[in-house]
Amino acid sequence: MRVLLTILVTAVCFGVAVGKVDTVPKKTIALFTPEQIQRARHRLANEEPARQAVQDILKMAQQWAQFSDDYLRETIPPPQVPRAFNISFSGCPVCGRETFKYGNYGFETPLEKPWKVICPNCKSEFPSNDFGAFLKSGMKDRSLLTGDYPDDGWGWKKPGEEKKYWFVAYYCHWHWMRHIIPAVHNLARAYLLTGDSRYAHKALVMLCRIADYYPDMDHNKQSRYATEFQPSYTGKIVNAIWETGVATNLAEAVDFVWDAIDNDTELQRALGKDAEAIRQHLYRNLLMEFIKAIKEYRISGNYGMHQKTLLTTAIVSQHPELLKWCVDYILNNTGDRYTHEGLQFALVNLFFREGMGHESAPGYHFIWNQEVARICDYLLRANVNLFGHPTVKRLFYYPFEMSAAKGFTPTIGDSGSVDISRIDLPAWMAEIAYRQYGDPLFYPLLPKPQNNAGRAYTQFSDLFQPDFPPAPSAQPNTSRYERSRLLGDYGLAILRGGQGENQRALTLYYGWAGGGHGHYDRLNIELFAFGKKLLPDLGYPQFAADDPEPPGWTQHTVSHCTVMVDAQRQANLARGRLHRFAQSAWVQFVDASAESVYPDKASLYRRQTAMIDLPNADAFYVVDVFHVQGGRQHHYSLHLPGTEVVFHGIAFSEPRNGTLAGEQVPFGKMYDDPQRANAASGFHGYTGSGFAFLTDPQEAQSDRPWLASWRQDDIRLRIHWLPTQRTRFIACNGYPKGNRANPPLKYLIAHTQTEGAEPLRSTFVTVIEAARSRPLIRNVRLFPLAPDSADTVAIEVSHRYGRDVVFLSLTPEKQTELPDGIACSAAFAVMRFDNEGKLGQAFVTGGEVSWGTWRLQAHDLQGNVEQVLPDKHEVVVNLRGNIGDEDLLHRLILFRAGEHQAEYEIFRAGREGKRWRLWLGDYEFLRGRALVGGIDEAQRTVRTPTVLALDAVAPVQGMAVSNEARTAWWRLKSARRGEVALDGDAPLTPLSADADGDGRAVLLVWDFGTGDSVLIPGQADYRR
Ligand SMILES: [Zn+2]
Ligand SMILES: [Zn+2]
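Presented here is a report on the structure given in the accompanying data block.

Scoring rules and cut-offs
- Residues numbered from 1 in each chain as written.
- Chains lettered and ligands numbered in written order.
- Predicted model: local features only at pLDDT ≥ 70, side-chain atom pairs only at ≥ 80, totals over all residues.
- Heavy atoms only, no water.
- Core = buried A, V, L, I, M, F, W, Y, C linked by side-chain atoms within 4.5 Å.
- Buried < 20%, exposed > 50% of the residue type's maximum accessible area, 1.4 Å probe, protein only.
- Helix = DSSP H or I, 4+ residues; strand = E, 2+ residues; numbered from the N terminus.
- Contact = heavy atoms within 4.5 Å.
- 1 Å grid on protein atoms, 1.4 Å probe; cavity = no way out; pocket = protein on both sides within 12 Å on 5 of 7 lines; lining within 4 Å.
- Points joined across faces, edges and corners; volume = space filled by probe spheres on them.
- Nonpolar A, V, L, I, M, F, W, Y, C, P; charged D, E, K, R; others polar.
- Pairing = 2+ DSSP bridges.
- Axes fitted to C-alpha atoms, helices over the stretch in contact; angles between N-to-C directions.
- Parallel < 35°, antiparallel > 145°, perpendicular 65-115°, else oblique.
- Donors = N, O, S within 2.8 Å, 3.2 Å for Na, K, Ca; no water.
- Expected span 1.5 Å × (residues − 1).
- Tetrahedral: all angles 85-135°; square planar, octahedral: opposite > 155°, others 65-115°.

What about the nonpolar core?
Generally speaking, a soluble globular protein has its nonpolar side chains buried in company with each other. If you look at the biggest cluster of nonpolar residues, it comprises 161 residues, and the most contacted ones within it are Leu282, Leu343, Leu379 and Phe396. No other element matches the 17 residues that helix H7 (residues 167–194) contributes to this core. In this view, leucine 379 contacts Leu311, Val327, Ile330, Leu331, Leu343, Val384 and Leu386; residues no more than four positions away in its chain are not counted. Membership of the second largest hydrophobic core comes to 72 residues, among which are Leu538, Phe581, Ile749 and Ala770.

Okay, here's the thing in C-alpha cells:
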C-alpha cells in the first residue's frame, strides 16, 4: 500500500505543480544536443542521401513558409468544427460503396479547395455549400447552406438512410492529419535542419493558434463517431488513438522551435505577447494539456503509443519532477487500463514470451513491439536500460521467428491480405538491435550507406544519429529460422521446409485470439510455398468498424480453413491445446485441439497435420486430418487462391443463384439472426453461419475420393479429398474484404450432418499437394480400417518415387494392422517405399511402427522437473526409463501441472547422471508479475491492482507461484482480475516481502516449477 500511496501523492503534487506553474522550466531544445544538430546540418550540406531523406520535409516546409501568417491562422479550424475519419460506411452519396475500391480514406481533401471532399471513384464534389463562408458567419447563417448536399459541419442526411454523410467533418479531420499537423511538424524540423528562422516563425504562428484552441478540443462532443456510434468515443483534435501521434508531433515541434521564440519579434508584436508569455502559452496549452489528456485517456492508443507521447512531452518540458514521475509511471504504473501498465509489469503480463504484445494479429501486436522498442531507446536518455530484459530482446527477433516462408508472416487476425502479409524489422529497430546485441543477424537489415558515407538515412532522426557500427566479422546464423518452430506461448506451430525459392511453411494457429483484432479461427491452417499463399487467410477486413462484413465473414470461422460446428462460429477466442509437435529433415507434424471454442458442444475438435517432402526439392504434400465430435452438423473448409479450379472424380451441380444461405438470401445478409438481419448497425456479436457471404454454390454428394486442382504459372496446387463417410461437398466463391471488389477465392467445403440422437462424429481427411511444374502424386487412397477406429487414419500416397504410408492416430497405444505386414501403434508415422517396394525412409513419433522384422520405435519420454533456473533459461529434469543417448536437441518439451501446460523447445541438452539439464532458448519463464495488495490467509487470496491476463490467455490452475525473492513457493488456484488464489496451506506472509527494496512487493507466476510433470514426445527418423 505504501507504494501505491507514494505514487498517488506524487501524482497529486505533480498536478498542483503543473497547474500553478508561473515560470516555465523549459529552457532550450531537449530532444537533440547541439552536437547532434551540428552533425545533422553538416550531413545535410555535404551528403546527397541525407538531403534526399529529408527532401519531402523541406519541400512541405518551403510550401507552407510561403503562406501568409493570416492564412496560417485562418486555415486552422476551431474546435466547433466536427471531425470524422470517415464520411459514411455507405461510401459516396452518388456511387455508394464503389468508392471503397480506393481504400477507406480515399476521398480527397485538397488544400486548394478548402472544405471540399472529392470522391476518388465518381469525382463528385461535396458539400454543395461554401462551408468556409458558413464558418465565418459563426456557423449561424443557415441561408448559406445551399445546393443538393448542404453540410453545416454536422453532416448531410440522405433521405431514407439512417446515418449521415459527414463531408465537412471528414475534410476537417484530414485537413488536420494531412495538412496542418505535418506542416507544423515539418516547418519545425526544417528549422532544426537549416537554422532558417523563417520556418520557425511560421511554425510558431501555427503552434500558437493551435494552443489557442487545444484546451477546448473534445472529440466526445465534436466528432461523427461519438455522435452517431459511440458516445464514449474520445480524443482531442482526432480520436484518442491517433491523437497520440498528433500530440507527439506537436511536442516535438514545440521543442524544435523553442529557441527561436526570443528573436521572433514579429510574432511577439502580432500576438501582443512577450517571449515569456508565448512560452507560457505553448507550455501550458499544449505540453501540459497533453499530459492532462493522457491522464484523462483522451490521448490513449495501443500499448506504447501514449507512453511515447508522455515521455516525449516530459523530456521536452524539461520539468525534472515531471520527467521523474513519467519514467516511474512508464516503468511501474499498475492497476490502470492494460494499455497503461508499466513496462516492468506489462513485459511479463501482457507480452507473449516470443516477444509480441497480447494481440492475435501480427499487424497489431507488432505495433507493441515497435512502440516498446522506441520507449526503451528513449528511456536510455533517462539512464534506464531495459535491453537486457529477455522479452525486450525478443521484440527484435520476433519477425525472424514468426516468418512462415520467404516473405510471409502468417495472416492471423486483422492483418495482411490474401496476397501479402509480411512483418519486417524496420531499419531503425535493426539498428537499435545491432547496437544493443551485436548479433550479425541484424546487420543486413541496415540500409547500405552510399559513397563511403558513415550511415544511410531512412528518416529524419537518422541525420542526428551516429555512424553505423562496423560490420560484424561473423556471418548471420539464420538456421534457427529455417527449421520448423513452435511459438508455444503465442500458440502457433510453423512447419517449415524447402530451401531458397522453394521455401514453404504450413502454420497452425491454436493460440489465444483475444486482446483485440482476433478472428474466430482456432486450428486454422495457412500454407505458403513458392512465394505464394496457397491457403490464404483473408486477413484485414474492409473495415475494423461496425459493418456486417468483419463479424459475418472475415473474422468469422466460416472464412477460415477450419471446421464449423452447427453452422455457428466458434463461441470464443480461447486458446487451444498442443498435443504434439515433431520435426525432422523431411517430415513435420503437429497435433492440436481446441474443444473450448465450442463449449458444451464439441467433445472432440482436433487437428493432426503433417507436411511431408517429396524427393524433388520443389514438391511436397500436406496430410490434414480433422476430428470432430459433437453437434448436429460439421463444415470442414479449405480455400484456394483463385476460382480457376478443375475438379476430377466429382460431379458438381451448376452454380446456383443467391448465396450458400439460400437462393433468396442476398449477399451479406445476417439471415439467421433476427436481431441483425435488417439492422443498420450493431453487427458485432453475430454468431450465425456466415453463409450469406459465400456465392455461386455448387453441390455434390460423394463417398469417393476426388480432386480439386488449381495452377498459376508453374505452381500447382491439388487437394485430394478422402471422405470417410458419405459427404455433401460444396464448391463456392468467397470474396476477400467482403465487398466483392476483389476477385473471389474458391471455397471447398465438406459437410456432414446427423438426424439421429447421437452427437455427430466426423473425420475429415485431405491431402494437399503442391509442386512446381508437374504434380508428382499419382494416387491417394485411404486404407480401410475397422469400423470402430474413427480415431485412426491411414493413407497411401503413390508418387513418382514409390509410395508413402502415412498413419495418424489419437489413440497411439492401440495397434493397427495395415496391408503388406505393416503394423502401427503411434501418434504419427510415415514410411516411404521405393518403386521396387524397398523401405527407404521412415519417421515415427509417439510409439512404434514395424514392417515384418523391421521396427522403428519412438516412445514419449516422461519425467518431472527437478530444478528451474529462470535467469539462465535452464531447467533440470528427471526422465524415466532407459533413454540411451537420445538426442533431445530441437525437441518439444511439455510441462504440465494441474490444468496448465507450457510448451517449449529444447535448444541445448546435457546429461548429468540420471538428470538432464535443458536450455530452452533465451525466453522469459515468468508469466505473471503482480503487485501484492491485501493478503487474506483464511481465504488464501492475494489482492492485486495489476492487470493480469493470465487466465484469459491459458488455463492457469497449477502454475508455480513464488514471492519476489523466489524463496517461498505455492501453486496457483485461480487468477482473476484483482485477485490471485493459491492452493495448499503454506503461509502467505512471505509474499509481502520486498526483496529488491524498490518499495514494491510483487508476486511471481511461473510457466512451470519444481515438481511439474514433463513430456518429451519421442521421435525417430530412419534412412536406409
Ligand atoms: Zn462517388
Ligand atoms: Zn483470419
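Observations regarding empty space enclosed by the protein
One pass over the full model with this rule turns up 9 cavities of 30 Å³ or more. Roughly 180 Å³ of internal volume is contained in the largest cavity. As for the largest cavity, its lining consists of 21 residues, of which Asp489, His900, Arg927, Val953 and Ala954 are closest to the centre. If you list the elements that add at least two residues to the lining of the largest cavity, you get helix H15 (343–349), strand E33 (900–905) and helix H20 (950–953). In terms of residue count, the dominant contributor to the lining of the largest cavity is E33 (4 residues). A per-class count over the lining of the largest cavity returns 10 nonpolar, 5 polar and 6 charged. The volume enclosed by the second largest cavity comes to roughly 70 Å³.

A closer look at the pairing of strand E17 (residues 715–721)
Counting buried positions along E17 gives 7 out of 7 residues, so the element sits mostly inside the fold. Here E17 shows no split at all, with Ile715, Leu717, Ile719 and Trp721 on one side and Arg716, Arg718 and His720 on the other all buried. With antiparallel pairing between neighbouring strands as the criterion, strand E16 (residues 706–712) and E17 make up a hairpin whose turn holds 2 residues, including aspartate 713 at a positive phi of roughly 50°. Taken together, the 7 bridges between E17 and strand E20 (residues 761–772) define a ladder with antiparallel strand orientation. In the strand pairing of E20, histidine 720 is matched with valine 767.

Description of unusual backbone geometry
Following phenylalanine 126, the chain continues to proline 127 via a peptide bond in cis, the omega torsion being -10°. Checked against the element boundaries, proline 127 lands in the loop between strand E2 (125–126) and helix H6 (131–136). A positive phi angle, close to 50°, is found at alanine 567, a residue other than glycine. Inspection of the secondary structure assignment puts alanine 567 in the loop between strand E8 (563–565) and strand E9 (577–583). Owing to a relative accessible area of 13%, alanine 567 belongs among the buried residues under this scheme. Unusually for a residue other than glycine, arginine 940 sits at a positive phi of about 60°. Looking at the element boundaries, arginine 940 is found in the loop between strand E37 (935–936) and strand E38 (941–943).

Points about the packing of helix H4 (residues 55–65) against H7
Running from N to C, H4 and H7 cross one another at 105°; their axes reach a closest spacing of 8 Å. With respect to H7, the axis of H4 lies roughly perpendicular. Contacts from Ile57, Leu58, Met60, Ala61, Trp64 and Ala65 of H4 reach H7 at Arg178, His179, Pro182, Ala183, Asn186, Leu187, Arg189, Ala190, Leu193 and Thr194. Looking at side-chain class alone, the contact of H4 with H7 contains 11 nonpolar, 3 polar and 2 charged residues.

Things to note about the coordination of the zinc ion (ligand 2)
The zinc ion (ligand 2) binds to the protein through His519 (ND1), Asp537 (OD) and His560 (NE2); the donor distances cover 2.0 to 2.4 Å. Read in sequence order, the donor residues for the zinc ion (ligand 2) give the motif H-x17-D-x22-H. Residue histidine 519 is found in the loop between strand E5 (504–509) and strand E6 (524–529), and its partner histidine 560 is found in the loop between helix H19 (549–554) and E8; the two are separated by 41 residues along the sequence. Take histidine 519: its relative accessible area is 0%, and that puts it in the buried class.

Brief notes about helix H16 (residues 362–379)
Quick reminder: α-helices carry 3.6 residues per turn. Residues three or four places apart thus point the same way. A rise of 1.5 Å per residue sets the reference length of H16, with its 18 residues, at 26 Å; its end C-alpha atoms lie 25 Å apart and thus fit the reference within 8%. In terms of burial, H16 is largely enclosed, as 13 of its 18 residues are buried.

Some details on the pairing of strand E40 (residues 969–976)
Bridging between strand E39 (residues 960–962) and E40 involves 3 bridges; their strand directions are antiparallel. Across the sheet, alanine 960 pairs through a bridge with arginine 971, a residue of E40. Relative to strand E41 (residues 979–982), E40 runs antiparallel, the two being bridged by 4 bridges. Paired with leucine 972 across the strands is leucine 982, a residue of E41. As consecutive antiparallel partners, E40 and E41 are separated by 2 residues, and within that stretch glycine 978 has a phi angle of approximately 95°, a positive value.

Side note on the coordination of the zinc ion (ligand 1)
Ligation of the zinc ion (ligand 1) by protein atoms is provided by Cys92 (SG), Cys95 (SG), Cys119 (SG) and Cys122 (SG), these donors lying 2.2 to 2.3 Å from the ion. Around the zinc ion (ligand 1), the 4 donor atoms are arranged such that angles at the metal cover 104 to 116°; this shape is classified as tetrahedral. Of note, the donors binding the zinc ion (ligand 1) are all from one chain and are spaced C-x2-C-x23-C-x2-C. Of this pair, cysteine 92 sits in the loop between helix H5 (69–75) and strand E1 (117–118) while cysteine 119 sits in the loop between E1 and E2, and the two are 27 residues apart along the sequence. With respect to class, cysteine 92 is no different from cysteine 119; both count as buried.

Some details on the sheet that holds strand E14 (residues 645–648)
Sheet strands line up and pair through hydrogen bonds in the backbone, either parallel or antiparallel. Across the sheet, 8 strands lie side by side as E9-E10-E11-E12-E20-E17-E16-E14; this open sheet has antiparallel pairing. In the strand order of this sheet, the two ends are held by E9 and E14, each with one partner. When the angles between neighbouring strand axes are averaged without regard to direction, this sheet yields 15°. For E9 and strand E10 (residues 587–593), the ladder comprises 6 bridges, and the chain directions are antiparallel. Note that in E10 the partner of alanine 582 across the bridge is phenylalanine 589.

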